[in-house]
Protein chains: 2
Amino acid sequence: AFKKPTDKELSHDFLWRIHQQVPAKGEIGFFNRSHYEDVLVVKVHKLVAQSVIEERYKQINDFEALLRQNGTHIIKIHLNISKDYQLGRLKRRLERPEKWWKFNPGDLEERKKWSEYMQSYLQVFENCSSTSAPWYLVPSENRRFRTLVLSELILRKLKEMDPCYPEANFNIDDYPVDSLK
Amino acid sequence: AFKKPTDKELSHDFLWRIHQQVPAKGEIGFFNRSHYEDVLVVKVHKLVAQSVIEERYKQINDFEALLRQNGTHIIKIHLNISKDYQLGRLKRRLERPEKWWKFNPGDLEERKKWSEYMQSYLQVFENCSSTSAPWYLVPSENRRFRTLVLSELILRKLKEMDPCYPEANFNIDDYPVDSLK
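Quick look at the structure, then. (Residues numbered from 1 in each chain as written. Chains lettered and ligands numbered in written order. Predicted model: local features only at pLDDT ≥ 70, side-chain atom pairs only at ≥ 80, totals over all residues. Heavy atoms only, no water.)

**Looking at the relation of the copies chain B and chain A**
- The transform that puts chain B on chain A rotates by 180° and translates by 0.1 Å along the axis, for an RMSD of 0.1 Å. Taken together, the turn and the small shift mark the pair as related by a two-fold rotation axis. Among all residues of chain B, the minimum C-alpha distance to the rotation axis is found for Gln21(B), at 6.7 Å.
- Both copies contact each other with a shared surface, as 100% of the interface residues of chain B are interface residues in chain A too. (Least-squares fit on C-alpha atoms with pLDDT ≥ 70 in both. Contact = heavy atoms within 4.5 Å.)

Rendered as structure tokens:
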């Protein structure tokens with residue numbers, strides 16, 4: 001899960017901390033938030049100039065192409081909920097003491113910028129959906145449906161990749177089973 | 001999973017790469033191999049002097065005490081199998097092509113040093129079992145039994161730690177549920 005960048009992370013380009021966390025060959029990684037925060041929250045809060053945001057769309061596409069060309073497949077999923085549904089979720093956090101720790105008053109401020117966020121998401125979907133790394137927009141208010149769609153996306157990708165066992169790095173004829181002791 | 005140390009890792013003390021991987025507060029981490037390799041395989045192959053091994057027992061105890069005193073609980077588990085059982089496992093890898101990639105001819109060489117390994121393990125258990133970070137020796141030829149014991153160890157530890165939700169970092173009275181919009 002990527003959080004607010006640290007001072008050290010901010011002293012590098014925005015893809016630096018992301019690149020360090022990408023899964024190695026043979027691994028699967030799940031990112032909760034990602035480099036897209038740098039063209040979403042950063043854009044909404046105008047933390048960088050719009051021209052920098054435009055540059056980042058291309059930088060993101062190039063970065064994802066690099067990963068893809070080196071064997072890493074990317075599934076990008078936007079879990080979509082309505083503004084009303086979010087309100088219900090926030091209220092529920094206040095109603096149950098064991099959920100208080102999840103409640104962040106700052107979320108109420110961000111909520112006021114809902115339409116700016118939607119606008120920024122649209123820009124992302126338009127600028128950063130390549131054939132090999134498309135965005136999937138998944139209706140997520142019904143959790144069972146959401147989970148079913150995610151599972152299907154992952155399953156379909158795995159079938160497409162058709163992973164196989166690594167090659168043996170020895171000559172099988174050199175090791176007759178009965179010779180082992 | 002810790003593998004053979006890289007050149008960079010070898011240019012640091014043996015606990016450097018381990019320390020980087022310890023779970024943060026609120027997290028659980030599972031280590032497959034650990035800093036104990038540096039007093040096991042390293043001892044059997046005499047890669048460092050015996051005096052260095054003796055120093056490492058204390059360094060390990062001090063390191064684990066540091067973690068414990070900062071809130072990290074440690075469960076150390078040795079999955080015990082017999083030399084005969086290992087032979088069966090190695091043979092099975094040769095008999096099934098989809099297991100070939102797991103077969104490492106080097107394992108046959110290591111197997112010849114079985115008694116040296118056992119001796120080194122005994123030294124570890126004697127020197128590095130503190131009250132707060134004891135070693136558990138778990139008979140592991142029966143996988144169901146093994147998994148049951150591991151689950152019980154983890155469950156017991158979690159009950160002892162009795163984790164609780166983080167504190168809310170806001171004043172609940174400032175946010176009446178009905179004021180949210």
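**Thoughts on helix α5 (residues 83–95) of chain B**
Residues and elements named next belong to chain B.
- Counted at 1.5 Å a residue, the expected span for α5 with its 13 residues is 18 Å, and the 19 Å between its end C-alpha atoms agrees.
- Every buried residue of α5 is listed here: Leu87, Leu90, Arg93 and Leu94. The buried side chains of α5 occupy one side of the element, clustering within an arc of 120° when seen end-on. Turned more than 90 degrees away from the buried face of α5 sit Asp84 and Glu95, all of them exposed.
- Where α5 is buried, its residues meet α6 (105–111). (Helix = DSSP H or I, 4+ residues; strand = E, 2+ residues; numbered from the N terminus. Expected span 1.5 Å × (residues − 1). Buried < 20%, exposed > 50% of the residue type's maximum accessible area, 1.4 Å probe, protein only. Arc of directions from axis to C-beta.)

**Quick word on the interface of chain B and chain A**
- Taken together, the 23 residues of chain B in the interface contact 23 residues of chain A.
- The tally of links from chain B across to chain A stands at zero salt bridges.
- There are two residue pairs in polar contact (both at pLDDT 80 or more) connecting chain B and chain A.
- Among the secondary structure elements, those contributing two or more residues to the side of chain B that touches chain A are α5 and α6 of chain B.
- In terms of residues, the side of chain B that touches chain A owes the most to one element, α5(B), which gives five residues.
- Of the residues in the side of chain B that touches chain A, the class split is 16 nonpolar, one polar and six charged. (Salt bridge = Lys/Arg side-chain N within 4 Å of Asp/Glu carboxyl O. Polar contact = N/O pair within 3.5 Å; in protein donor to acceptor, adjacent residues only side chain to side chain. Nonpolar A, V, L, I, M, F, W, Y, C, P; charged D, E, K, R; others polar.)

**Observations regarding the pattern of salt bridges**
- Following the criterion strictly, the structure yields 17 salt bridges over all chains and no others.
- For Lys157(A), the salt bridge is made with Glu160(A), and the minimal N-O distance between the two is 3.2 Å. In this pair, Lys157(A) and Glu160(A) are both assigned in helix α8 (residues 143–161), three residues apart and thus about one turn of the helix distant.
- Under the relative-accessibility criterion, Lys157(A) is labelled buried at 15%.
- Taking the shortest distance from any N to any O, the salt bridge between Asp107(B) and Arg93(B) comes out at 4.0 Å. Here the residue Asp107(B) occupies a position in helix α6, and Arg93(B) occupies one in helix α5, the gap between them amounting to 14 residues.

**Concerning the packing of aromatic side chains**
- In this structure the tally under the stated criterion is 16 aromatic pairs over all chains.
- Residues Tyr165(A) and Trp101(B) carry aromatic rings whose centres are separated by 6.4 Å and whose planes lie at 20° to one another, so their mutual orientation is stacked. Of this pair, Tyr165(A) sits in the segment after α8 while Trp101(B) sits in the loop between α5 and α6, which puts the two residues in different chains.
- Residue classification places Trp101(B) among the partly exposed positions, given a relative accessible area of 35%.
- Ring geometry for Tyr36(B) against Trp135(B): centres 4.8 Å apart, planes inclined by 75°, an arrangement best described as edge-to-face. Highlighted residues: Tyr36(B) in the loop between α2 (16–21) and α3 (41–44) and Trp135(B) in strand β2 (residues 135–139), separated in sequence by 99 residues. A single burial state applies to Tyr36(B) and to Trp135(B), both of which are buried.
- A network of ring pairs unites the aromatic residues Tyr36(A), Tyr121(A), Phe125(A) and Trp135(A) as a single cluster.
- The ring of Phe14(A) carries the charged tip of Arg56(A) above its face, separated from the ring centre by 4.6 Å. (Phe/Tyr/Trp six-rings, centres within 6.5 Å; stacked < 30°, edge-to-face > 60°. Lys NZ or Arg CZ within 6 Å of the ring centre and 35° of its normal.)

**Remarks on the side chain of Ser140(A)**
All names here are of chain A.
- Its place among the elements puts Ser140 in the loop between β2 (135–139) and α8.
- Within the structure, Ser140 has its side chain in polar contact with the backbone oxygen of Val138 (distance 2.7 Å).
- Non-local contacts of Ser140, meaning those with residues more than four positions away in its chain, are made with Leu79, Asn80, Ile81 and Arg146.

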